[in-house]
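# Working through the structure, step by step
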Amino acid sequence: MSSDSRGTGDLFVIAAASGTGKTSLIAALLERCPTLALSVSDTTRPARRGEIEGRHYRFIDVDTFRQGIAETRYLEYAEVFGNYYGTARDQVEQHWAEGRDVLLEIDVQGADQVRRAHPDVCSIFILPPSMAALGERLHGRGLDEPEVIARRLDEARREIGACGDFDWLVVNDDFERTVDELVGIVNAWPLRCASQYWRVGQLLDEAANPITIKD
Ligand code: 5GP
């Protein structure tokens, strides 16, 4: 854990247009960074084949989600493709309490909200190597109907247009190299000056007030 003086861990956001390979990249990143915990989002979207309640998402109904919004239960939330998705505050806080850093896999609207609530968040955007590669991947994975794919591509263009708001851009043109880059970012983030002050505070005090050695 790279906890700061407040005793909380770091917060990472990864966003990408769907079809960029984000889910596989994040799985590999989590294997290599054991202090990092992936927050499980709430969604009103129906579960896809193979998705497990509480592991991929917490699948809830629209009324429950709206009640959560009214009770400010969400650190951020967004409506994506006609469904609600949100990060419950208690998810993040529980991971921090357990001494973990937290990773949110969310869309660009959610990333915006998190940046406002937590200006010290580390935000990473994953880009596809090209729009053609993204289109091929969305068709190839066979998850969605053609009109859904067309909508996802439109959405992808919009999301990619917002990538300039992120701290880091990573292009997924080679899986292993992209994972290496993500691990590099996660490992380097706690070393930035603002995070290090609490850790090196005593040394800085000593440097500012040299001890006089008597002979
Ligand atoms: P999918 O339905 O393919 O799992 O996700 C659709 C989009 O919703 C993806 O861009 C994904 O990152 C985003 N998403 C998933 N969980 C959350 C969340 O908690 N908040 C927000 N804002 N977006 C989310």
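Computed from a prediction, not measured in an experiment: that's the story for all the values here. Counting starts from 1 at the beginning of each chain's written sequence and moves along it residue by residue. Confidence filtering applies because this is a predicted model: local features only for residues at pLDDT of at least 70, side-chain atom pairs given and counted only at 80 or more, and all residues used for totals across whole chains, interfaces and linings. Only hydrogens and water are set aside when side-chain values are computed; all heavy atoms of the structure are taken into account.

Pairing of aromatic rings covers Phe, Tyr and the six-membered ring of Trp, with a centre-to-centre limit of 6.5 Å; geometry is then stacked below 30 degrees between planes, edge-to-face above 60, and tilted otherwise. All chains considered together, the criterion is met by six aromatic pairs. For the ring pair F65 and Y84, a centre distance of 4.9 Å and an interplane angle of 10° mean the geometry is stacked. Within this pair, whereas F65 is found in helix α2 (residues 62-70), its partner Y84 is found in strand β6 (residues 83-88), the two being separated by 19 residues in sequence. Think of it in three bands: with a 1.4 Å probe and only protein chains considered, a residue is buried below 20% of the maximum accessible area for its type, exposed above 50%, and partly exposed in between. Owing to a relative accessible area of 0%, F65 belongs among the buried residues under this scheme. Numbered from the N terminus, helices here are DSSP runs of H or I no shorter than four residues, and strands are runs of E no shorter than two.

On to the sheet that holds strand β1 (residues 11-16). Two strands make a pair as long as DSSP finds a minimum of two bridges between them. With respect to topology, five strands assemble into an open sheet ordered β2-β7-β1-β8-β9, the strand pairing being parallel. Only two strands of the sheet have a single neighbouring strand rather than two, namely β2 (36-38) and β9 (168-171). Taken over all neighbouring pairs, the strand axes of this sheet differ in orientation by 25° on average, direction set aside. Of the pairings in the sheet, the one linking β2 to strand β7 (residues 101-105) comprises three bridges and is parallel in character. What sits directly across from L36, in β7, is D101. Whether two residues touch is decided by their heavy atoms; if any such pair falls within 4.5 Å, the residues are in contact. Orientation is described by lines fitted to C-alpha atoms, with helices fitted over the stretch in contact, and by angles between N-to-C directions that extend from 0 to 180 degrees. Against the sheet, helix α4 (residues 108-117) engages β1, β7 and β8 (122-127), with an angle of about 155° to β1.

What follows covers the environment of M131. The topology assignment puts M131 in helix α5 (residues 131-140). Judged by relative accessible area, which is 34%, M131 ranks as partly exposed. The spacing of M131 and T20 is 111 residues in sequence and 9.9 Å in space, taken between C-alpha atoms.

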